[in-house]
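# Architecture at a glance
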Amino acid sequence: MSGQNMNNKVSILITGGAGFIGSHVVRRFVQKYAQYTIINLDKLTYAGNLENLSDLQGSPNYRFVKGDICDEALVENLFHTHDIHKVIHLAAESHVDRSISNPMEFIRTNIVGTVVLLNAARNAWKNSFADRLFYHISTDEVYGSLGETGLFTEDTSYDPHSPYSASKASSDHLVRAYHDTYGIPVVVSNCSNNYGPNQFPEKLIPLAIHNILNNRPVPVYGSGENVRDWLYVEDHAAAIDLVFHAGKVAETYNIGGHNEWKNIDLIRMLCSVMDRKLNRQEGESAKLITFVKDRAGHDLRYAIDAGKIERELGWTPSLQFEEGLERTVDWYLNNSEWIRSVTSGEYTEYYSKQYEHR
Ligand code: NAD
Ligand code: TYD
C-alpha cells in the first residue's frame, strides 16, 4: 500500500488517547479529519477512561485498542495491520507525586514504551520515511526549575529533578536520537501545565475542585509559592494539531499560556469561583486551604517562552485563564458521575497514602 490504508485513509496511531490530554486530541482529530483513521492505543491505567470518549462511539474513522505500549508484539502488529503512517505519542505515567513513590512504572512506560514505539516505527517504515512522522508529546518539566525570572526556550538545557521529568527527558532524548541515528522523521513539543475537563483529580486543579465540593481540606504543598504556567487543554490540542501538520521535522516547539500563577493565588481564585457557583458565602471555600508538607524536590517555577510556535506556526492560546477556569469548574460540577467513577476504588487508597501523613 502506498501511503494509505484499504479505506483510502491515512492511519494515525495516537497513544494514551483515553487520558486527559489524549482524549481532547483524539476527539479533535476524529471530528476534524475524516481523511484520517485514528487508532487509539491505551492501556487504560487508573488515568485512562473510555468515558472520556463515549461521544465518539460509532465514528467510522475511530478505533480503540486496549494495550500496553511496552508490548512489542502488539505494537509491531498494530503498525502492520493498520499501516500506521504517523504517531502522536501521549501515553505516559504523568503524575510527579506518583513518580516519587513508584518510579519504576515511569521508567517502564515513559522510557521503555517510547523505545518500543520507535522500534516499531523504524521497522514498519524501513523502506521509506516519506510522509511518515513520529510526534512526541512532552513537558516543560524536563527543563528543571526557574528562579524568579527567565523563561524556558527550546534551547534551555535539560535539568529534570523528579523521576517523572527525568523519564520524560530521557524519552525526548531517545526520540531525537532515533532521528539522528536512523533518520526517523520526528517532532517534539514541550508544554506547560494543562487544565480543563477530564483531568484526573490527582492534579492540583481538579483535586482542589473535588475537595472544595466535598468540604475537604485543600492541600497546598509548602507555602504555596511555587509557580506554574497554566494552559487550557483544548489550546494544547490545537497546538498539537498545528505542530503535527506544519511543524518542521527534527524541531522542538515549546507550548505555554503566558499564564503564570503562584499555587496559593490560583487556589484562592478557584475558591472564590467555587463560592459563587455553589452559592456559598465569599471566603467560605478558602477556609479549606491547608498547608501541608512540601513535595520532595519541588521545582519552584515553570514558565514557557512560546515565541517560536507563535512566530513560526501562528499559534496563540485562545482562552483567558479566568474563562478557562470557569469552564473547567462548570464541567466538573456538571459531571459528578465521571468524578464519582474515577474516585472510587484505587483513588481512595492513593489519596490516603499521599495526603494523610502530610
Ligand atoms: P494522563 O495520565 O491523564 O493520561 C495518560 C494516558 O496514558 C492514560 O490514558 C493511560 O491509560 C495511558 N497509559 C499509561 N501507561 C500506558 C502504557 N504503558 N501503554 C498504553 N497506555 C498507557 O496524562 P496527560 O496529563 O493526559 O498527559 C499526556 C501526555 O502529555 C504525557 O506524555 C505527559 O507527559 C504530557 N504532558 C502533560 C501535561 C499536563 O499538564 N498534564 C503537560 C505537558 C505534557
Ligand atoms: P500538579 O498538578 O501535580 O502538576 P506538576 O507537578 O506537574 O506541576 O501540581 C501543580 C502544582 O501544585 C505543583 O507546584 C505542586 C502543587 N500541588 C499542591 O500544592 N497540592 C497538591 O495536592 C498537588 C497535587 C499539587
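Structure first, text after, so check above.
What comes next concerns the included structure.

Each value, and the rule that gives it
Residues numbered from 1 in each chain as written. Chains lettered and ligands numbered in written order. Predicted model: local features only at pLDDT ≥ 70, side-chain atom pairs only at ≥ 80, totals over all residues. Heavy atoms only, no water. Helix = DSSP H or I, 4+ residues; strand = E, 2+ residues; numbered from the N terminus. Rg over C-alpha atoms; globule rule 2.2 N^0.38 Å. Buried < 20%, exposed > 50% of the residue type's maximum accessible area, 1.4 Å probe, protein only. Contact = heavy atoms within 4.5 Å. Areas by Shrake-Rupley, 256 points an atom, 1.4 Å probe, with all protein chains shown as cover. Near = heavy atom within 4 Å. Polar contact = N/O pair within 3.5 Å; in protein donor to acceptor, adjacent residues only side chain to side chain. Nonpolar A, V, L, I, M, F, W, Y, C, P; charged D, E, K, R; others polar. Pairing = 2+ DSSP bridges. Axes fitted to C-alpha atoms, helices over the stretch in contact; angles between N-to-C directions. Core = buried A, V, L, I, M, F, W, Y, C linked by side-chain atoms within 4.5 Å.

## A closer look at the overall build of the chain
In terms of regular secondary structure, the chain is built from twelve helices and twelve strands. Against the globule reference of 21 Å for 358 residues, the chain gives a C-alpha radius of gyration of 20 Å, in line with a compact fold. A buried classification covers 56% of the 358 residues belonging to the chain. Expressed as a percentage of contacts within the chain between residues at least 6 apart in sequence, the contacts between residues at least 24 apart total 83%. A total accessible area of about 14,800 Å² is found for the chain, and carbon and sulfur atoms account for 49% of it.

## Thoughts on the site of ligand 2
Lining the immediate environment of ligand 2, one finds 19 residues, of which Glu141, Arg228, Arg295, His298 and Tyr355 sit closest. Separating an oxygen atom of ligand 2 from a side-chain N or O atom of Asn263 is a distance of 2.9 Å. In the environment of ligand 2, an oxygen atom lies 2.6 Å from a nitrogen or oxygen atom belonging to the side chain of Tyr355. Protein contacts shield 97% of the accessible area of ligand 2, which totals 510 Å² for the unbound molecule. When contributions to the shell around ligand 2 are tallied by element, the ones reaching two or more residues are α3 (96-101), α6 (204-213) and β8 (218-221). Of the residues forming the shell around ligand 2, the biggest block, three residues, is contributed by β8. Of the residues belonging to the shell around ligand 2, the class tally is eight nonpolar, five polar and six charged.

## Some words on the site of ligand 1
In the vicinity of ligand 1 there are 28 residues, among which Ile21, Asp42, Ser94, Tyr164 and Lys168 approach most closely. Between an oxygen atom of ligand 1 and a main-chain N or O atom of Phe20, the distance comes to 3.1 Å. Thr109 is positioned such that a nitrogen or oxygen atom in its side chain is 3.0 Å from a nitrogen atom of ligand 1. In isolation ligand 1 exposes 830 Å². Once the protein is present, 97% of that is buried. Broken down by secondary-structure element, the contributors of at least two residues to the shell around ligand 1 are α1 (20-32), β5 (133-139), α5 (163-182) and β7 (193-195). With three residues, the top contributor of residues to the shell around ligand 1 is β5.

## So, the sheet that holds strand β1 (residues 10-15)
Strands sit in the order β3-β2-β1-β4-β5-β6-β10 across an open sheet of seven strands; the sheet is parallel. Looking at the sheet topology across the chains shown, the edges are occupied by β3 (62-66) and β10 (252-255). Taken over all neighbouring pairs, the strand axes of this sheet differ in orientation by 20° on average, direction set aside. Inspection of the sheet shows strand β4 (residues 84-89) paired to β5 by four bridges, in the parallel sense. Bridge pairing in β5 links His89 to His136. Against the sheet, helix α2 (residues 72-81) makes contact with β1, β2 (36-42), β3 and β4, and its axis sits at roughly 175° relative to β2, the strand it touches most. Strand contacts of helix α7 (residues 233-246): β1, β2, β4, β5, β6 (186-191) and β10, with the helix running at about 145° to β5, the strand carrying the most contacts.

## Thoughts on the sheet that holds β7
Spatially, the three strands line up as an open sheet ordered β7-β9-β11, and their pairing is mixed. On the outer flanks of this sheet lie β7 and β11 (260-262), each paired with one strand and no other. With direction set aside, neighbouring strand axes in the sheet form an average angle of 50°. By the bridge criterion, three bridges tie strand β9 (residues 227-232) to β11 in an arrangement that is antiparallel.

## Details of the nonpolar core
The biggest cluster of nonpolar side chains holds 44 residues, and the ones touching the most others in it are Ile12, Phe29, Ile38, Ile88, Tyr135 and Ile309. Elements with a contribution of two residues or more to this core: β1, α1, β2, β5, β6, α7, β10 and α9 (307-313). Ranked by residues supplied to this core, first place goes to α7 with seven residues. When near neighbours in sequence (up to four residues on either side) are disregarded, Phe29 contacts Ile12, Tyr36, Ile38, Ile88, Asp241, Phe244 and His245. Membership of the second largest hydrophobic core comes to 36 residues, among which are Leu207, Met269, Ile289 and Phe321.

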